[in-house]
Amino acid sequence: MNNCLVLDKRLDLFELKPRTLLCVGGTRSGKSDFALNYANQFQGQKAFIATMQRSFVHPQKDIAHYEQTYSQDEIQDNEILARIQKHQKLRDASWFTLEEPYGIISAIELAEKRNAGIILVDCISLWLSNLLCLEEDEENIVKIVETLANTIQKTQTPLVFVSNEVGMGIVPLYKSARLFRDIQGKANQILAEACSAVVTFSCGIPLLIKG
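Residues numbered from 1 in each chain as written. Predicted model: local features only at pLDDT ≥ 70, side-chain atom pairs only at ≥ 80, totals over all residues. Heavy atoms only, no water.

1. Considerations on the overall build of the chain
To be explicit about the condition: The numbering of helices and of strands both runs from the N terminus, where a helix is a DSSP run of H or I of at least 4 residues and a strand a run of E of at least 2. In this description, accessible areas are obtained by the Shrake-Rupley approach with a 1.4 Å probe, and a residue is regarded as covered only by the protein chains that are shown.
When you go through the chain residue by residue, the secondary structure sums to seven helices and seven strands. Each helix and strand of the chain, ordered N terminal to C terminal, gives the series α-β-α-β-α-β-α-β-α-α-β-α-β-β. When the accessible surface of the chain is totalled, it reaches about 11,500 Å², and 51% of it is carbon and sulfur.

What follows is the structure in structure tokens.
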């Protein structure tokens, strides 16, 4: 019965076909699987913008328009490599991947130039974490998120974003963790306002809360 509920909600969302979609939920809540399944229903080429870092070397360029490529030699974490390979296996030949830990806006523009029929960004939380590692303060990061929101509203290609909900547990012990929690919460609000539809997840069950 629960599986039918999930399927029904996915079909309803595809019939709605929002131009921009935010999928938000906790860890292992089903948001990434849902976003991929939803995007796979589109025809033609599809772009996957991956924000997970393989290495943690700081960029030397403006992060708003930063592009970075990696070689196998730069991989520092076997667990990260295993996660990347696992996710890659879930995407067929209709997908091309852009690995971009900082410049999401530039990656979206590049995907559009390559005629992507839909663009999936996974995930916003890792992107925010990457920006924090650059020692960007909260105000600067929020401004970057607002710039992304402006791009969302202007872009004609369908966009899907995956983001974590981290503000429903206990107050983090460390200042840096509290800062990330606050930035994540603000970013989710900004992106939810910019997107035409928002789906939240619990126990693998999607719930449309906007759209």
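2. Considering the packing of helix H6 (residues 138–154) against helix H7 (residues 175–194)
The angle between the axes and the distance between the axes are what describe a pair of packed helices. Definition in use: Where helices are involved, their axes are fitted lines through C-alpha atoms of the stretch in contact, as for all axes, and angles between N-to-C directions lie from 0 to 180°. Here the word oblique covers every angle except those under 35 degrees (roughly parallel), over 145 (roughly antiparallel) and from 65 to 115 (roughly perpendicular). In this scheme the crossing of two helices becomes right-handed for a clockwise turn of the near helix relative to the far one and left-handed for an anticlockwise turn of less than a right angle. Here, residues are in contact when the closest pair of their heavy atoms is within 4.5 Å. Think of it as three bins: nonpolar holds Ala, Val, Leu, Ile, Met, Phe, Trp, Tyr, Cys and Pro, charged holds Asp, Glu, Lys and Arg, and polar takes everything else, Gly as well.
Where H6 meets H7, the axes come as close as 9 Å, and the angle between the chain directions of the two elements is 20°. Considering the angle they form, H6 stands roughly parallel to H7. For H6 against H7, the interelement crossing comes out right-handed. Taking contact as the criterion, the partners of Glu138, Ile141, Val142, Val145, Glu146, Leu148, Ala149, Ile152 and Gln153 in H6 are, on H7, Leu179, Asp182, Ile183, Lys186, Ala187, Ile190, Leu191 and Ala194. A per-class count over the contact of H6 with H7 returns twelve nonpolar, one polar and four charged.

3. Some points on helix H5 (residues 124–133)
Short version of the rule: Burial classification: accessible surface area is computed with a 1.4 Å probe over protein chains only, and a residue below 20% of its type maximum counts as buried, one above 50% as exposed, and the rest as partly exposed.
For H5, the buried fraction is high: seven of the ten residues fall into the buried class. Looking at H5, one finds that the buried residues are Ile124, Ser125, Trp127, Leu128, Asn130, Leu131 and Leu132. Buried residues along H5 sit in contact with helix H4 (104–113), strand S4 (118–122), H6, strand S5 (159–164) and H7. One or two positions beyond H5, positive phi appears at Glu135, with a value near 65°.

4. Focus on the environment of Leu120
Relative to the elements of secondary structure, Leu120 occurs in strand S4. With a relative accessible area of 2%, Leu120 lands in the buried category. When the C-alpha positions of Leu120 and Phe48 are compared, they lie 4.9 Å apart, and in sequence the two are 72 residues distant.

5. Observations concerning the pairing of strand S2 (residues 46–50)
Consecutive side chains along a regular strand alternate between the two faces of the sheet. Formally: Two strands make a pair as long as DSSP finds a minimum of two bridges between them.
Extensive coverage of S2 is indicated by the burial of five of its five residues. Taking every second residue as pointing to the same face, both faces of S2 are buried, with Lys46, Phe48 and Ala50 on one and Ala47 and Ile49 on the other. Note: S2 against strand S3 (residues 95–99), five bridges, orientation parallel. Bridge pairing links Ala47 to Phe96 in S3. Pairing of S2 with S4 involves five bridges; the strand directions are parallel. Its bridge partner lying in S4, Ala50 is registered against Asp122.

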